[in-house]
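Notes for the structure review
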Amino acid sequence: MTEERRFPMATDPSSYGRLLFEAEVFRAGRLLKRRQRPRESILEPAREVPLFRECDVLVAGGGPSGTAAAIAAARAGADVVLIERYNHLGGLSTGGLVIWIDRMSDWSGRRVIEGIAAELLDRLPQGAVAGPPRANWGSADAATAAYWKERTAAFHGIVTWSPTIDPENLKLASQELVLESGVHLVLHAWASAPILDEGRVAGAVFESKEGRLAIRAKVTIDCTGDGDLFHRAGASSESDIDERDIHHCVNTAFLLGGVDMPRWIEFKTGDPQGFKAIMERGREACGGLFERPFVSWREDVALFMGPRLAGYSAVDVEDESEVEIRSRRLMAQHLRVYRAHAPGFENAYLMLSAPQLGVRHARRLVGVGRIAREDWSEARPRADEIGVSPSLSPKFPSLSVPYGSLVPRDIDGLLVAGRHISCDPGSHSFLREVPQCWLTGHAAGAAAALAVSRGCAPRAVPIAALQALLLRQGAYLRCAEEAAGAAVAGAAQ
């Protein structure tokens, strides 16, 4: 039976780490009146489900983690099926308009999230990606950092590789890389239930316009973002949150076109009191729920990543509906305020609301391994390292991501990648980001292919073999650098 563990909010501010957007956690009363649900249930008769396909590796969910998982597994020789409920790949990085790709470089300027993640971004055409030139990565020059801070690419006075991207081009790049790798891509297909065979996951049932169909697989990878498959398979999960951080908030992002972002940035940085007055006017007009704009890949398009709404569940259908309704009303209110009062927004128009709900957190796996706050200061890589995440600030080393965080403690035949890997709430605040989802998806796909080729359970995949495969596929592993350094030192003795 599924075990879902809940923990109280942390009271020690040092226990969880990043609270960068503490002031942007918006709380408001319920918008819609809820009717009490009937207590009765219906009995669904047993039925045969047609088999759609058999494969080596089934990936459920085509967001960043699922895209990377499918590509990695196929490149390693597995027969792969990728199913995605929307009409595109990329998940929140495209359909959710999370087009500000958070940090992929460490504080020295080294891009540590490499492999398929880097390949996807490097494929984007000129004009579809905006960010600091490579020569500036790691720069602590005050003027350079100040410039890129306003363009979401400098933190703690250091320039990082945190580009903004054109979501349509990333959809296309993701699709083409998946197809070139030999993956069988199935869109408009929602993975609804795992197939269980003697206590292990053996594929999944999905819903589509054709009705209910099944895919049998030797290894299944849950990249649904909310842990839908591992939850329904009976694997344990955690759902505790830190209410001061944005990592549990939900919203629908949106774009305003026809703006002049350089003019807005000049105003914001040059007239702090004027900026404060606009924000206060906006909060008054929007009932306190008012968001500032971010840059995008174009100077005439503004990105709004909120307002980020607290107190809603990403796995409650009525909560999801209310967030969408509230967010769209807020979009119209934001447009009126910015057109009337904000320099650079006089000709703004509502360009696009995200077709995917902006979910940051629902469930987190209880894995055979876990990433926790006490791991942040550990400079040495873990023995089962499968990737390296940039740390939250220069005072921490890069974080070693362990394979155990992708492996369910309770069930076989399944791997997990994306924002629901095994970690604590503070670590989740950055491990849920798009680059980290690419990272864990890449590792899960490679591990699944190895499990199939060796005829073993995913938890039994040899770590050395997995690390060697990831390195061949272009991933960055800090353990490889240490081994190389040790070899050089040994040869010099």
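Residues numbered from 1 in each chain as written. Predicted model: local features only at pLDDT ≥ 70, side-chain atom pairs only at ≥ 80, totals over all residues. Heavy atoms only, no water.

1. Quick look at the packing of aromatic side chains
Our working definition: Aromatic rings from Phe, Tyr and Trp, taking only the six-membered ring of Trp, are treated as a pair when their centres fall within 6.5 Å; an angle between ring planes under 30 degrees marks them as stacked, one over 60 as edge-to-face, and anything in between as tilted. In this text, helices come from DSSP runs of H or I with a minimum length of four residues, and strands from runs of E with a minimum of two, each type numbered from the N-terminal end. Burial classes follow relative accessibility: with a 1.4 Å probe on protein chains only, a residue under 20% of its type's maximum area counts as buried, one over 50% as exposed, and anything between as partly exposed. Charge-over-ring placement is defined geometrically: NZ (Lys) or CZ (Arg) within 6 Å of the ring centre, and within 35 degrees of the ring normal.
Applying the stated rule across the entire model yields 15 aromatic pairs. Arranged with centres 5.4 Å apart and planes meeting at 90°, the rings of F52 and F206 form a pair that is edge-to-face. Residue F52 is located in strand β3 (residues 51-60), and its partner F206 is located in strand β11 (residues 200-208); the two are separated by 154 residues in the primary sequence. Overall, the relative accessible area of 2% leaves F206 in the buried class. The interplanar angle of 85° and the centroid separation of 5.6 Å between the aromatic rings of W264 and F345 together place this pair among those described as edge-to-face. In this pair, W264 sits in helix α6 (residues 261-270) while F345 sits in the loop between α8 (317-341) and β18 (349-353), placing the two residues 81 residues apart along the sequence. The class of W264 is buried, set by a relative accessible area of 1%. One Lys or Arg, R85, reaches over the ring of W190 and ends 4.3 Å from the middle of that ring. Lying over the aromatic face of F275, K268 brings its terminal NZ or CZ to 5.3 Å of the ring centre.

2. Thoughts on the environment of P394
What counts here: When checking whether two residues touch, look at their non-hydrogen atoms; a contact exists if any pair is within 4.5 Å.
Relative to the helices and strands, P394 resides in the loop between β21 (385-389) and β22 (399-402). Filtering out sequence-adjacent residues up to four positions away, P394 remains in contact with W107, H156 and I158.

3. What to know about the pairing of β11
This is how the line gets drawn: Two strands qualify as a pair provided DSSP detects at least 2 bridges between them.
Two strands pair when backbone bridges link them, and strand β10 (residues 190-197) and β11 are joined in this way by 6 bridges, in the antiparallel orientation. Directly across from A191, in β11, lies its bridge partner F206. Here β10 hands over to β11 after 2 residues, with E198 in that stretch at a positive phi of 50°. Taken together, the 6 bridges between β11 and strand β12 (residues 211-222) define a ladder with antiparallel strand orientation. Each residue of the ladder has a partner; that of F206, found in β12, is L213. Linking two consecutive strands that pair antiparallel, namely β11 and β12, is a turn of 2 residues.

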